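These are the residues of each chain, in order.
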2 protein chains.
Amino acid sequence: MAKKTRSPLTRERVLGAALALADEGGFEALSMRKLGHELGVEAMSLYNHVANKGDLLHGILELVLLEMEIPGEGVRWKAALRKHAVSAHAAYRRHPWACRLAVAPPSLDHVLDVQIRQMEWKLGRLREGLSEHLAYHGLHALDSHITGFTLWELSHNITAENVGDLAARFLRLFPADDYPRTYEHVEQHLTGFGRDTDAFEFGLDLILDGLERQHEPQTRPRKRRTAAR
Amino acid sequence: MAKKTRSPLTRERVLGAALALADEGGFEALSMRKLGHELGVEAMSLYNHVANKGDLLHGILELVLLEMEIPGEGVRWKAALRKHAVSAHAAYRRHPWACRLAVAPPSLDHVLDVQIRQMEWKLGRLREGLSEHLAYHGLHALDSHITGFTLWELSHNITAENVGDLAARFLRLFPADDYPRTYEHVEQHLTGFGRDTDAFEFGLDLILDGLERQHEPQTRPRKRRTAAR
DNA sequence: ACCTGAACACCGTTCAAGT
DNA sequence: ACCTGAACACCGTTCAAGT
């Protein structure tokens, strides 16, 4: 389970092995010592290819961010942003440690190019369909849904395997009579109640449709104020 | 800076000191050894009042969750949920380490009473105004906005003090010509562009209003399907 | 140029021994 | 019943010494 290849150590190989280690063993399985062992080398050698652990973490986060799709010009702004968000969510699901890293970066100084490029793209597409004011808040709403929903989802982490255990334990701790709504909700998760609607996309559409509607308040004006500076 | 009081050590005092330590020094400043020192005791003594560090963390998370307001019966469902969400966001802002803890709990087995009580309450109020299907997804959208927005906000952590530094460093790393939208957005943050609208509440209203509108699709029916099982 | 042994300053936790 | 010293198995990181 170590010393797979004998090719020379490079930053690229170090990052690749680190990503693999985090993917299979979880975030806390990734230590400099274990990573070194995986590469058939002592932990201290890694510092020849990586400044420190923070640099390493930013490096593997970058690999995940690069997996996220940036749709081309042919797609309308809302569809393009929707596609990107779905793809970002999928990438974070493939690497469950990455979202926590994106939200709590080891160093605030270390800003990745890909992060700025994605932000620039998102703002540009938002401005295609929205006012300055709505684009400003729309970015916040969109970004916080992508990372927020993913983190929330991961923390509950209901998978096909553990869902039975989780429900059983819940029912043991909290009798159904005292918490009927919660009991019902857990049951709905078990029976695949919401399977026809993806939960991530449901919230995403609430946001995107809401933004679009606020931009065109001509039909049935509502109390909410329009995009005023 | 230690041995403030000589009263006997209790679980309550341990949790209180731990919360204070995390509040002022950040999450990583909270170690069993430092906490012991703060209480004028060796780290090992803490294990007489707390099962382990995970138990300690769940304990201080509980204190924060208990700060969140649960509005009474007199308020309409949407206003009540809005008030709770705003209060939850405020509590997490007062204790910036707590939201990360809520989303990445030390142990998935350890479910707090207050968490179930809040979930039961939220589901009940959602059902007052929404179908079963919308309440199911509404809970996910609402919860993920509360924790998600807060985490996103904390990760950017733009405060009155550091906002100048952040902007200056950004401009040094990423020239304005290459990233005009992002530059504009950063500038808007600096000039308080969005100060008239709270960013958390903006996203919250997109979700709550969207949920309500989907429940009453009689006016101007849209393509989105109604709350069908 | 790259790797390593030894060392440092930290962690959480256990357990026998003290009072 | 509560506290502690010593110890264990871990961390990230530095640095002089090796090749």
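Reference entry: report on the structure contained in this document. Here the structure is a predicted model, which means the values were calculated and not measured. (Residues numbered from 1 in each chain as written. Chains lettered and ligands numbered in written order. Predicted model: local features only at pLDDT ≥ 70, side-chain atom pairs only at ≥ 80, totals over all residues. Heavy atoms only, no water.)

1. What about the relation of the copies chain B and chain A?
The relation between the two copies of this chain is a rotation about an axis and a shift parallel to it.
Here is step 1: By a simple turn and slide, chain B fits onto chain A: the slide is 0.0 Å along the axis, the RMSD is 0.0 Å, and the turn is 180°. The transformation just described matches what one would write down for a two-fold rotation axis. Measuring from the rotation axis to each C-alpha of chain B, the shortest distance belongs to Gly148(B), at 1.5 Å.
Here is step 2: Mapped onto chain A, 100% of the interface residues of chain B again fall at the interface, so both copies present the same surface. (Least-squares fit on C-alpha atoms with pLDDT ≥ 70 in both. Contact = heavy atoms within 4.5 Å.)

2. Side note on the side chain of Ser144(B)
Here is step 1: The topology assignment puts Ser144(B) in helix α7 (residues 132–156).
Here is step 2: You can call Ser144(B) buried: its relative accessible area is 1%.
Here is step 3: Residues contacting Ser144(B), with those up to four places away along its chain left out, are His145(A), Gly148(A), Phe149(A), Trp152(A) and Phe149(B). (Helix = DSSP H or I, 4+ residues; strand = E, 2+ residues; numbered from the N terminus. Buried < 20%, exposed > 50% of the residue type's maximum accessible area, 1.4 Å probe, protein only.)

3. Examining the protein's contact with DNA strand D
Here is step 1: Neighbouring residues of DNA strand D: 15 residues in total, closest Arg33(A), Tyr47(A), Lys53(A), Met44(B) and Ser45(B).
Here is step 2: Looking at DNA strand D alone, sugar and phosphate atoms form 51% of those within 4 Å of the protein.
Here is step 3: Separating a phosphate oxygen of DNA strand D from a side-chain N or O atom of Lys53(A) is a distance of 2.8 Å.
Here is step 4: Here Ser45(B) contributes a side-chain N or O atom positioned 2.9 Å from a phosphate oxygen of DNA strand D.
Here is step 5: Examining the composition of the surface near DNA strand D, we find that 3 residues originate from one element, helix α2 (residues 32–38) of chain A, more than from any other. (Near = heavy atom within 4 Å. Polar contact = N/O pair within 3.5 Å; in protein donor to acceptor, adjacent residues only side chain to side chain.)

4. Digging into the interface of chain B and chain A
Reports of interface size often rely on the accessible area that becomes lost once the parts have come together.
Here is step 1: The interface of chain B with chain A comprises 69 residues on the first partner and 70 residues on the second.
Here is step 2: Taking both partners together, chain B and chain A bury about 6600 Å²; carbon and sulfur atoms supply 61% of that area.
Here is step 3: Between chain B and chain A we count 0 salt bridges in total.
Here is step 4: If you look at where chain B meets chain A, you find 14 residue pairs in polar contact (both at pLDDT 80 or more).
Here is step 5: For the side of chain B that touches chain A, the secondary structure elements donating two or more residues are α5 (98–103), α6 (113–129), α7, α8 (163–173), α9 (180–190) and α10 (199–215) of chain B.
Here is step 6: With 18 residues, α7(B) is the largest single contributor of residues to the side of chain B that touches chain A.
Here is step 7: Residue composition of the side of chain B that touches chain A, grouped by class: 29 nonpolar, 20 polar and 20 charged. (Buried area = accessible area lost by both parts, 1.4 Å probe. Salt bridge = Lys/Arg side-chain N within 4 Å of Asp/Glu carboxyl O. Nonpolar A, V, L, I, M, F, W, Y, C, P; charged D, E, K, R; others polar.)

5. Remarks on empty space enclosed by the protein
Here is step 1: Considering all chains together, one arrives at 3 cavities of 30 Å³ or more under this definition.
Here is step 2: For the largest cavity, the calculated volume is near 1000 Å³.
Here is step 3: Along its surface, the largest cavity is lined by 40 residues, and His156(A), Val111(B), Gln115(B), Ile116(B) and Met119(B) are the ones closest to its centre.
Here is step 4: Every element with two or more residues in the lining of the largest cavity is listed here: α7 (132–156), α8 (163–173) and α9 (180–190) of chain A together with α3 (53–65), α4 (77–94), α5, α6 and α7 of chain B.
Here is step 5: Looking at which element gives the most residues to the lining of the largest cavity, the answer is α8(A), with 6 residues.
Here is step 6: Tallied by class, residues from the lining of the largest cavity come to 24 nonpolar, 13 polar and 3 charged.
Here is step 7: If you go around the second largest cavity, the residues you meet are Arg181(A), Glu184(A), His185(A), Gln188(A), Leu123(B), Arg127(B), Glu132(B), Ala135(B) and Tyr136(B). (1 Å grid on protein atoms, 1.4 Å probe; cavity = no way out; pocket = protein on both sides within 12 Å on 5 of 7 lines; lining within 4 Å. Points joined across faces, edges and corners; volume = space filled by probe spheres on them.)

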